[in-house]
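Residues per chain, in single letters:
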Amino acid sequence: MSGVSHLAFVALGANLADPRAQLRAAAAALADLPESRLLQISSLYRTAPVGIRGQPDFINAVAAIETVLDPQQLLEVLFVVERRFGRRREFHHAPRTLDLDLLLYDQRVVDSPQLSVPHPRMHLRAFVLAPLLEIAPLCRIPGRGTAAAWLPAVSRQTIERLE
């Protein structure tokens, strides 16, 4: 990597096609991103789907990535990885083979039609906060304070650490 590096956090989720295997393979794909380096990945967590009933539970994780890509470039390469894993965006909250969400990029705030960082709902999702705090216990969410401070808001969401 050449240039100034940045710390990004990416949420991984899947509930189709052997989600545990999908997330393990996705971690390997993140390790191969251009101009980037996978620093750490959380344990896997099982959670119920949010927003829609009648679909399988999700397996989730969060990865820390060092990158010289800017936020938009990073988002674009994450979309490439999703497509490689068969991701289709049929409807909001649809089941998926792989979902990669850019949660944080340094302490930057990005608000464009294509990208919002920090992720606008990350502080309301146990499946994001638990794995994020596992690998970055002192993490701060720009404009919202510490990630840990939001745990009470998600305390009723069922989440199970798998490994």
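Residues numbered from 1 in each chain as written. Predicted model: local features only at pLDDT ≥ 70, side-chain atom pairs only at ≥ 80, totals over all residues. Heavy atoms only, no water.

Undergrad: Looking at this structure, how should I read the overall build of the chain?
TA: When helices and strands are tallied, the chain shows three helices and ten strands. Sequence-ordered secondary structure for the chain, helices as α and strands as β, is β-α-β-β-β-α-β-β-β-α-β-β-β. Taking 2.2 N^0.38 as the reference for a compact globule, 163 residues should give roughly 15 Å; the C-alpha atoms of the chain span a radius of gyration of 15 Å, in line with that estimate. If you line up the chain on its principal axes, its C-alpha atoms span 45 × 35 × 35 Å. For the chain, the proportion of its 163 residues judged to be buried stands at 48%. Of the contacts formed within the chain by residues at least 6 apart in sequence, a portion of 70% connects residues at least 24 apart. (Helix = DSSP H or I, 4+ residues; strand = E, 2+ residues; numbered from the N terminus. Rg over C-alpha atoms; globule rule 2.2 N^0.38 Å. Buried < 20%, exposed > 50% of the residue type's maximum accessible area, 1.4 Å probe, protein only. Contact = heavy atoms within 4.5 Å.)

Undergrad: I'm lost on the environment of alanine 27 in this one. Help?
TA: Within the secondary structure, alanine 27 sits in helix H1 (residues 19-31). Taking the relative accessible area as the measure of exposure, alanine 27 reaches 13% and is therefore buried. Among residues more than four places away in sequence, those in contact with alanine 27 are Leu12, Leu38 and Ile41.

Undergrad: Got a minute to help me understand the pairing of strand E4 (residues 58-67) in this structure?
TA: Looking along a regular strand, one sees side chains alternate from face to face of the sheet. Among the ten residues that make up E4, ten are buried, leaving the element largely enclosed by the rest of the structure. Inspection of the sheet shows strand E1 (residues 6-14) paired to E4 by nine bridges, in the antiparallel sense. The residue bridging leucine 12 from the neighbouring strand is alanine 61, located in E4. Note: strand E2 (residues 36-41) against E4, five bridges, orientation antiparallel. (Pairing = 2+ DSSP bridges.)

Undergrad: Explain helix H2 (residues 71-84) to me, please; I cannot follow it from the model alone.
TA: Since one α-helical turn is 3.6 residues long, residues separated by three or four positions face the same way. The terminal C-alpha atoms of H2, which comprises 14 residues, lie 20 Å apart, in line with the 20 Å expected from a rise of 1.5 Å per residue. All of the buried residues along H2 are Pro71, Leu74, Leu75, Val77, Leu78, Val81 and Glu82. Summarising the axial view, the buried residues of H2 lie within an arc of 165°, below the 170-degree limit, and thus occupy one face. Among the exposed residues of H2, those oriented more than 90 degrees off its buried face are Arg83 and Arg84. Along its buried surface, H2 packs onto E1, H1, E4, strand E5 (99-105) and strand E6 (110-111). One side-chain oxygen at the N-terminal end of H2 lies 3.0 Å from the backbone nitrogen of glutamine 72; it belongs to aspartate 70. (Expected span 1.5 Å × (residues − 1). Arc of directions from axis to C-beta. Polar contact = N/O pair within 3.5 Å; in protein donor to acceptor, adjacent residues only side chain to side chain.)

Undergrad: Whenever I open this one, H1 confuses me. Can you help?
TA: The end-to-end C-alpha distance of H1 is 18 Å, a good match for the 18 Å that 13 residues give at a rise of 1.5 Å each. Among the residues of H1, Pro19, Gln22, Leu23, Ala26, Ala27, Ala29 and Leu30 are the ones counted as buried. End-on view of H1: buried residues confined to an arc of 160°, all on one side of the axis. Its buried side turned inward, H1 meets E1, E2, E4, H2 and E5.

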